[in-house]
Structure formats: C-alpha cells, structure tokens
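Structural overview for review
Single-letter residue listing:
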Amino acid sequence: MKTILLADMDAFFASVEQRCNPALRGKPIGVTGPAHRSVITTASYEARRFGVKTGMSIREAKALCPQLILVTGDNDKYTHICTALKEVYLSFTPVVEVYSIDEAFLDITGSSHLFGGPIETGRRLKAEIQRRFGISATIGIGPNRLLAKLASDISKPDGLRLIEASEAGPLLKDLPPEKLWGIGAKTAEKLKRLGIRTCGELASAPAGLLRSCFGVMGERLRALGMGVDSTPLHADQEEEGGPGGTKSIGHSTTLPHDLFRRSEMAHWILRLSEKVGSRARRHGLTGRTVTLIMRYRSFETFERRRGLGAATNDTHTIFRTAMDILSSTRLKEPVRLLGVTLCGIEQADTQLALFGGEDRRAGLLRVMDMLNMKYGPSTLTWAACKGESPHRGIISPAWRPSGAHRSL
Amino acid sequence: MTTVDEPVTVVASFGGGGRISPLKFRWSGRVIPVREVTYRWTRHVGGRRLYCFSISDGTTLYSLSFDPEGLSWRLQAVDTGLHESARPRAYMHASGR
C-alpha cells in the first residue's frame with residue numbers, strides 16, 4: 001500500500017506578501033496582477049471570511065470587503081520559494097511531484113518510517129516549511145493522490161490529516177462527487193441527472209450506465225467514488241529532457257484596457273506568441289495546435305484552436321495562426337484578456353531544411369533566445385512589440401521549478 | 001510599494017553558507033538601519049542572479065537587491081505603510097539555517 005502526502009500552501013501568494021510586509025498581517029488582502037484590472041489571484045484568509053475568492057474581479061471583491069488591501073503579486077518571490085520548497089520535500093523523499101506552484105505530492109511509502117510514520121512526517125514537514133518560509137501549509141496523507149488531496153481539502157487551513165484506505169468508504173459515502181479532485185461541475189451535473197448525488201451512489205452505480213454516459217471515463221469515475229486512484233506520481237526527474245507530462249505551453253495577459261480592434265490586439269498576440277515560442281524552444285519542444293483564448297469585458301471566456309501542418313516552435317508561425325483565428329472570430333464585445341497556447345506537444349525535430357530558408361529563421365530565433373537568456377527577456381524583440389511597456393502578469397498556478405509546464 | 005531603483009551604499013555581512021545580511025544603508029543622505037530582514041529571495045535578469053531582501057527599519061519597508069556580478073546594491077522600492085502596531089519583532093527568514 002502506498003503512502004502519498006500532499007503539501008498544499010495556504011493562500012500561498014497572500015501568505016508570502018503578509019510575511020514580507022508586517023503591515024499586512026492579520027488584514028484582508030488580495031493579490032492581483034500588476035494592471036489593477038486583473039482579477040484576485042489569491043485572497044488571504046482574512047479576506048476569504050468576507051467572501052472574497054480567487055478569480056473575482058477587483059470591483060466584486062471590494063464590494064464584499066471595502067477594506068480589502070490590494071497587493072501586486074511578485075512572481076520572483078513565489079518562484080524562488082517554490083524552488084526552495086522542492087529542496088525541503090527532497091529531504092523527506094526522492095519521489096516528489098511538484099504539481100503546481102503551491103502544491104506538491106510526495107511518495108513517502110519508503111521513507112516515512114525514518115521520520116516516525118506518516119503523521120510525524122507530515123508534522124515535521126509543516127514545521128520545516130513554517131520555520132524556513134514563515135508560511136503555513138496543509139498536509140493531506142492517503143493511500144493515493146485522490147485521498148491525499150481530499151484529506152488536505154477538508155483540513156484547510158494549517159491542517160494535517162491522514163485518511164486510511166479503510167476510512168475511505170464511510171468518509172465518501174455522503175460526499176457530493178464534485179468535492180473529489182477530478183470531478184468538475186459539469187460532470188457532477190451530468191451525474192445528478194442520472195440520480196447520482198453522492199460518492200456512495202457513484203461507487204455503487206452500474207458500470208454499464210456510467211460507461212454509456214461517460215465512455216471510458218465511466219470506469220474511472222466509479223473508482224473515484226470508491227476512493228480508488230491508481231494515478232502514479234510524475235516525479236520531476238522523469239520529465240526533464242523530454243515532453244514527459246507536458247501537454248501545452250501557454251501564456252495569457254490581462255490587457256491594460258479593453259480592446260475591440262484586431263489591429264490593436266496584434267502586438268499583444270505577438271508578445272504572447274514570442275513567450276510561448278521561446279519557452280518551447282528552450283525546452284526543445286514543438287506543438288501541432290495553436291489555441292487563442294479570449295475573455296470579453298463581461299468575463300465570458302472562450303477559446304478557438306487551429307491545427308498546424310507541421311509541429312513548430314517558431315514565434316511567427318504561432319503568431320500568424322493565432323491571428324488567423326482572431327480574423328475568423330466575430331467579436332461580440334471588447335476583449336480584456338488574451339492568451340496563446342501551443343498544444344499537441346512533441347520533441348523538436350532537428351532535421352535540416354532542404355532549401356535553407358527555415359535554417360536562417362531558426363538561426364535568428366536561436367540568437368534572439370541566446371541574447372534574451374543572457375541579458376533578460378525582451379532584450380531583443382520584434383519591432384512590432386517596441387514602444388509597449390512591459391506588462392508582466394501574475395504567474396500561472398501551474399508553474400513548476402523544472403521542465404516545461406503542463407498547462408497554463 | 002513605490003519604485004525607486006537607485007544605487008545605494010550598503011553595509012552587509014556575508015555569513016557562512018553564502019548568507020547575506022544587509023545591516024544598514026545610505027539613501028538620500030540618510031543612514032537607515034536594518035531592524036529586520038522580513039524576507040529574502042532571488043530573481044534572475046537574463047543570466048544574472050540578483051539577491052533580493054525585504055527589510056524594515058521599524059517604520060518603513062524597503063526592497064533591496066544585490067548583484068554579485070557587479071558587487072552593487074540597489075534600492076528597488078519603498079513602502080511607508082508599515083504601521084506602528086505592526087512593527088516587526090521576530091520574522092522568519094526565507095532561507096533559514
């Protein structure tokens with residue numbers, strides 16, 4: 001039987017900012033992007049008591065909590081701490097999957113006895129995080145990732161909980177399915193239409209019924225209802241040097257002001273395409289599909305995707321494809337957020353071009369990447385991006401210390 | 001925080017294990033004592049790694065950075081919103097030993 005531990009930082013960005021600035025401690029704060037038009041990325045627990053939640057617009061959050069203090073997030077602090085946290089995790093076990101910037105799974109099956117058992121391992125890890133970084137973490141432990149996540153979710157904040165395999169049945173019996181990691185609102189709604197309102201009902205539902213409604217996912221849903229999850233940990237070292245678990249590479253940004261004209265959106269799309277392309281090139285990856293994400297002023301968000309003839313990590317191919325998508329989209333409202341994602345990730349093909357043209361472009365991109373790596377991002381950039389003030393959004397929760405990232 | 005981004009002269013101790021601790025610094029003709037380092041982290045500008053410190057003199061919060069390549073310090077930002085009631089006492093450090 002495995003023992004999986006989830007370390008989940010409590011209100012991570014907000015806790016770091018409160019630790020940095022003593023004036024913010026004990027106060028309701030909301031961490032936002034730099035544009036002050038962006039949404040609440042993380043709210044402190046003091047703000048959550050007023051109903052402030054991640055993803056809320058600043059106006060909504062202020063309406064609920066007028067004394068809310070807005071703090072512009074600092075990505076460097078968060079990535080530094082996430083990287084340092086990984087070192088702490090590795091002192092407890094070599095099998096670590098940093099799942100997101102503030103969550104990591106640790107397989108402590110073979111090492112927990114060195115620290116006095118699973119609970120004592122969790123206690124020590126919590127204490128070490130508090131001592132080194134001054135922030136609290138909730139620790140969930142279980143026989144698999146699903147139950148470790150559930151143990152963490154029901155013990156937040158600053159909690160420590162172990163769910164034994166034998167406890168899973170009684171604990172899950174009356175739990176709504178959407179409380180389980182991996183079952184979203186849409187799936188839960190579909191389950192409700194089938195008369196399945198609890199994990200207990202899901203576990204005892206006929207396999208054929210679930211299969212007919214959800215296809216191959218039906219079996220998995222039933223297993224989740226029983227608290228069974230055989231998903232292995234993707235220890236980070238396995239992913240380095242190859243596509244591994246990377247499914248997409250993307251960036252998005254909240255615009256300084258809403259835009260309706262496509263020509264005004266072009267340089268933002270070029271900037272995002274360059275970020276996506278350079279990150280893919282840095283990791284030796286290419287993608288076969290470009291996705292353009294748009295969010296209207298009303299917060300309605302949608303995406304359109306287009307396949308490419310050949311896998312690429314060329315900034316201009318990504319840009320042109322994203323612009324083609326934009327040209328074929330009828331905009332209903334001004335746009336407040338744009339995102340570009342490269343999907344269908346595979347290892348870059350290093351075969352030489354037959355007629356040389358692509359080699360020149362690859363050479364240009366390589367030189368650009370080298371200069372930007374040495375002197376900082378956008379040291380050498382496309383003329384169309386010139387004159388725009390750099391606009392650095394808040395970091396994606398999917399950020400991890402090593403490798404390309406699974407998604408944005 | 002208000003962005004400053006000015007070079008400053010800093011007295012600092014360089015301890016074992018590469019731990020850097022600013023002790024006081026001169027800015028605009030004033031010597032500012034460092035009461036507490038509330039947080040420390042690193043950031044990369046291209047290939048350069050900068051050591052960043054969030055520090056307090058008891059009433060004001062400052063953000064300092066040290067560039068080991070050029071052996072230079074910069075005052076990055078200042079925040080005067082450090083209330084009397086929230087004066088620092090014993091803060092945790094980002095990379096304690």
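Residues numbered from 1 in each chain as written. Chains lettered and ligands numbered in written order. Predicted model: local features only at pLDDT ≥ 70, side-chain atom pairs only at ≥ 80, totals over all residues. Heavy atoms only, no water.

**Here we look at the overall build of chain A**
Quick reminder of the rule: Every helix listed is a DSSP run of H or I at least four residues long, and every strand listed is a run of E at least two residues long, numbered separately from the N terminus. For each residue, the accessible area found with a 1.4 Å probe, counting protein chains only, is set against the maximum for its type, and the residue is called buried under 20%, exposed over 50%, and partly exposed in between. Surface accessibility follows the Shrake-Rupley procedure with a 1.4 Å probe radius. Residue values consider only the protein chains on display as shielding.
Counting its secondary structure elements, chain A contains 15 helices and 13 strands. A buried classification covers 52% of the 408 residues belonging to chain A. Summed over all atoms, the accessible surface of chain A reaches about 19000 Å², with 54% contributed by carbon and sulfur.

**Here we look at the packing of helix α10 (residues 207–214) of chain A against helix α11 (residues 217–225) of chain A**
Residue and element names in this part refer to chain A. Rule in force here: Here, axes are lines fitted to C-alpha atoms. For helices the fit covers the stretch in contact, and angles between N-to-C directions go from 0 to 180 degrees. In this scheme, roughly parallel covers angles under 35 degrees and roughly antiparallel covers those over 145, while 65 to 115 is roughly perpendicular and the rest are oblique. In this scheme the crossing of two helices becomes right-handed for a clockwise turn of the near helix relative to the far one and left-handed for an anticlockwise turn of less than a right angle. The contact criterion used throughout is that any non-hydrogen atoms of two residues lie within 4.5 Å. In this classification, the charged set is Asp, Glu, Lys and Arg, the nonpolar set is Ala, Val, Leu, Ile, Met, Phe, Trp, Tyr, Cys and Pro, and all remaining amino acids, among them Gly, are polar.
At a minimum axis separation of 7 Å, α10 and α11 run at an interaxial angle of 125°. The orientation of α10 relative to α11 falls into the category oblique. In terms of crossing hand, the pair formed by α10 and α11 is right-handed. In contact with Ala207, Leu210, Arg211 and Phe214 of α10, α11 contributes Met217, Gly218, Glu219, Leu221 and Arg222. Taken together, the residues of the contact of α10 with α11 sort by class into five nonpolar, one polar and three charged.

**Considerations on the side chain of A:Ser136**
Residues and elements named next belong to chain A. To keep things clear, this is the line we draw: As used in this structure description, the phrase polar contact means that two N or O atoms lie within 3.5 Å; if the pair is within protein, one of them must be able to donate a hydrogen and the other to accept it, and residues adjacent in sequence are counted only when both atoms belong to side chains.
You can see Ser136 is positioned in the loop between α5 (118–133) and β7 (137–142). A distance of 2.8 Å separates the side chain of Ser136 from the side chain of Asp10, its partner in a polar contact. Those residues within four positions of Ser136 in sequence are excluded, and the remaining contacts are Met9, Asp10, Gln130 and Asp158.

**Looking at the packing of helix α4 (residues 75–90) of chain A against α5(A)**
Residues and elements named next belong to chain A. The interhelical angle for the contact between α4 and α5, taken along N-to-C directions, is 140°, at an axis separation of 11 Å. Accordingly, the angle class assigned to the pair α4 and α5 is oblique. Once α4 is placed against α5, the crossing between them reads as right-handed. Mapping the contact onto sequence places Ile81, Ala84, Leu85, Glu87, Val88 and Tyr89 in α4 and Leu125, Glu128, Ile129, Arg132 and Phe133 in α5. Residues of the contact of α4 with α5, tallied by class, amount to eight nonpolar, no polar and three charged.

**A few points about the sheet that holds strand β1 (residues 4–9) of chain A**
Residues and elements named next belong to chain A. Going by this rule: One bridge is not enough; two strands pair if DSSP finds at least two bridges between them.
Reading across from one edge, β5-β6-β1-β7-β8 is the order of the five strands in this open sheet, with mixed pairing throughout. Where the open sheet ends on each side, the last strands, each with one partner, are β5 (96–100) and β8 (160–162). Neighbour to neighbour, the strand axes of the sheet diverge by 15° on average, direction disregarded. Across four bridges, the pairing between β5 and strand β6 (residues 103–107) is antiparallel.

**Comments concerning the packing of aromatic side chains**
The test is simple: Two aromatic rings from Phe, Tyr or Trp, using only the six-membered ring of Trp, form a pair when their centres are within 6.5 Å; if the ring planes differ by under 30 degrees the pair is stacked, by over 60 it is edge-to-face, and anything between is tilted. We call a charge positioned over a ring when the NZ of a Lys or the CZ of an Arg lies within 6 Å of the ring centre and within 35 degrees of the ring normal.
Applying the stated criterion across every chain yields a total of 13 aromatic pairs over all chains. Ring centres of B:Phe25 and B:Tyr62 lie 5.2 Å apart, and the angle between their planes is 80°; this geometry places the pair in the edge-to-face category. Of this pair, B:Phe25 sits in strand β2 (residues 20–27) while B:Tyr62 is found in strand β6 (residues 61–67), placing the two residues 37 residues apart along the sequence. You can call B:Phe25 buried: its relative accessible area is 2%. With a relative accessible area of 2%, B:Tyr62 lands in the buried category. Ring geometry for B:Phe53 and B:Trp73: centres 5.7 Å apart, planes at 35°, overall tilted. Remark: B:Trp73 occurs in strand β7 (residues 72–79) and B:Phe53 occurs in strand β5 (residues 48–56); sequence separation between them is 20 residues. The residues B:Phe53 and B:Trp73 share a single accessibility class, namely buried. One aromatic cluster in this structure is built from B:Phe14, B:Phe53, B:Phe66 and B:Trp73. Positioned above the aromatic ring of B:Trp41 is the side chain of A:Lys77, whose terminal nitrogen or guanidinium carbon lies 5.1 Å from the ring centre. The ring of A:Phe105 is capped by A:Arg145, whose NZ or CZ atom sits 4.7 Å from the centre of that ring.

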